[in-house]
Amino acid sequence: NNEQDTTNPWSVLLEFDAIALCAAAIGTLFLASHRSVSLDELLKRNKDLEEISQMQTSTVLIAPITGSVSLILFYYFFDIVSFIMAIMTSVMATFGMVFVYYPLFQFCFPKLDAKEIRLPCMGMMPALAVVIYPFTLVLVAYWFVTGHWFLNNLLGITMSVISVCFVRLPSVRVATWLLGGLFFYDIFWVFYSARFFGDNVMEAVATRPANNPMVSIATSLNVSSSYFVPQLQLPMKIISGRVSGRCLEISRNF
């Protein structure tokens, strides 16, 4: 008698990779929810800050269009667009990590949180935030140097939390329109883009590593670029300019 394969197909869910992926997703959602509540409280305390605008139906309907345009620009002008995106990622991550992981530092250094320091062009800021900024700057610089997968994921989680905090959906109808549009956006670019462009555009953009902008800058300045990893995997390849601007404003006042 032939031996039958008794391997449980569900055993893959108990592998470390699957558990780590689920834990990261749940942790990101929990952190995003917690920071969203804190952001609402911040806006109530600081009347000078602009209220977070909610996405309307008209904005939601053009989201797949703007995403498609961004994808096409990436596909045909990858080096230029990825250079800009890497710089935007570094700036957004530096300020964003202050906002996202502030409670963790607050728990570790409660005395610093009670003090405030006046900085030029920044005004009064918590002393803790002044300490966190150099730390996040070092993390982003180390990401440029090594391209380490952990830092890449950390930056990706940071920007995911920021997107959840600053992109507000006022109703289930608007959320349905958004998810429906993105559903057909994914279907087209993953399964049908090859018929029009001769290649799977989504796969080509998602899997192609970006040139490290620090290497290009160092080369133009006649400085050795051997300290930097030549290519980077960008944690996110579409960043809203409005979300970036609001992140910088909030992180300065948090």
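This text gives an overview of the structure that appears in the document. These numbers come from a predicted model, not from an experiment.

1. So, the packing of aromatic side chains
Then, number 1: A complete count under the given rule lists 12 aromatic pairs for this structure.
Then, number 2: Between Y76 and F197, the ring centres sit 6.5 Å apart and the planes meet at 55°, which makes this aromatic pair tilted. Linking Y76 in helix α2 (residues 57–76) with F197 in helix α8 (residues 172–197), this pair joins segments that are 121 residues apart in sequence.
Then, number 3: The exposure class of F197 is partly exposed, given its relative accessible area of 25%.
Then, number 4: Aromatic pair F95 and Y133: ring centres 5.6 Å apart, planes at 70°, arrangement edge-to-face.

2. Things to note about helix α10 (residues 213–220)
Given 3.6 residues per turn, any residue in an α-helix points the same way as the ones three and four places further on.
Then, number 1: By the burial criterion, the buried members of α10 are P213, V215 and A218.
Then, number 2: Where α10 begins, the side chain of N212 points an oxygen toward the backbone nitrogen of M214, at a separation of 3.0 Å.
Then, number 3: Just past α10, the residue N222 takes up positive phi, approximately 55°.

3. Remarks on the nonpolar core
Then, number 1: Among the nonpolar cores identified, the biggest contains 45 residues, and L39, L71, M97, V100, Y101 and W143 are the most heavily contacted of them.
Then, number 2: For this core, the secondary structure elements donating two or more residues are α1 (16–45), α2, α3 (78–100), α4 (102–108), α6 (127–146), α7 (149–166), α8 and α9 (201–207).
Then, number 3: The greatest single-element share of this core, amounting to 10 residues, is contributed by α3.
Then, number 4: Setting aside its immediate chain neighbours within four residues, V100 contacts L31, R35, T158, V161 and I162.

Reading the values: the criteria
Residues numbered from 1 in each chain as written. Predicted model: local features only at pLDDT ≥ 70, side-chain atom pairs only at ≥ 80, totals over all residues. Heavy atoms only, no water. Phe/Tyr/Trp six-rings, centres within 6.5 Å; stacked < 30°, edge-to-face > 60°. Helix = DSSP H or I, 4+ residues; strand = E, 2+ residues; numbered from the N terminus. Buried < 20%, exposed > 50% of the residue type's maximum accessible area, 1.4 Å probe, protein only. Polar contact = N/O pair within 3.5 Å; in protein donor to acceptor, adjacent residues only side chain to side chain. Core = buried A, V, L, I, M, F, W, Y, C linked by side-chain atoms within 4.5 Å. Contact = heavy atoms within 4.5 Å.

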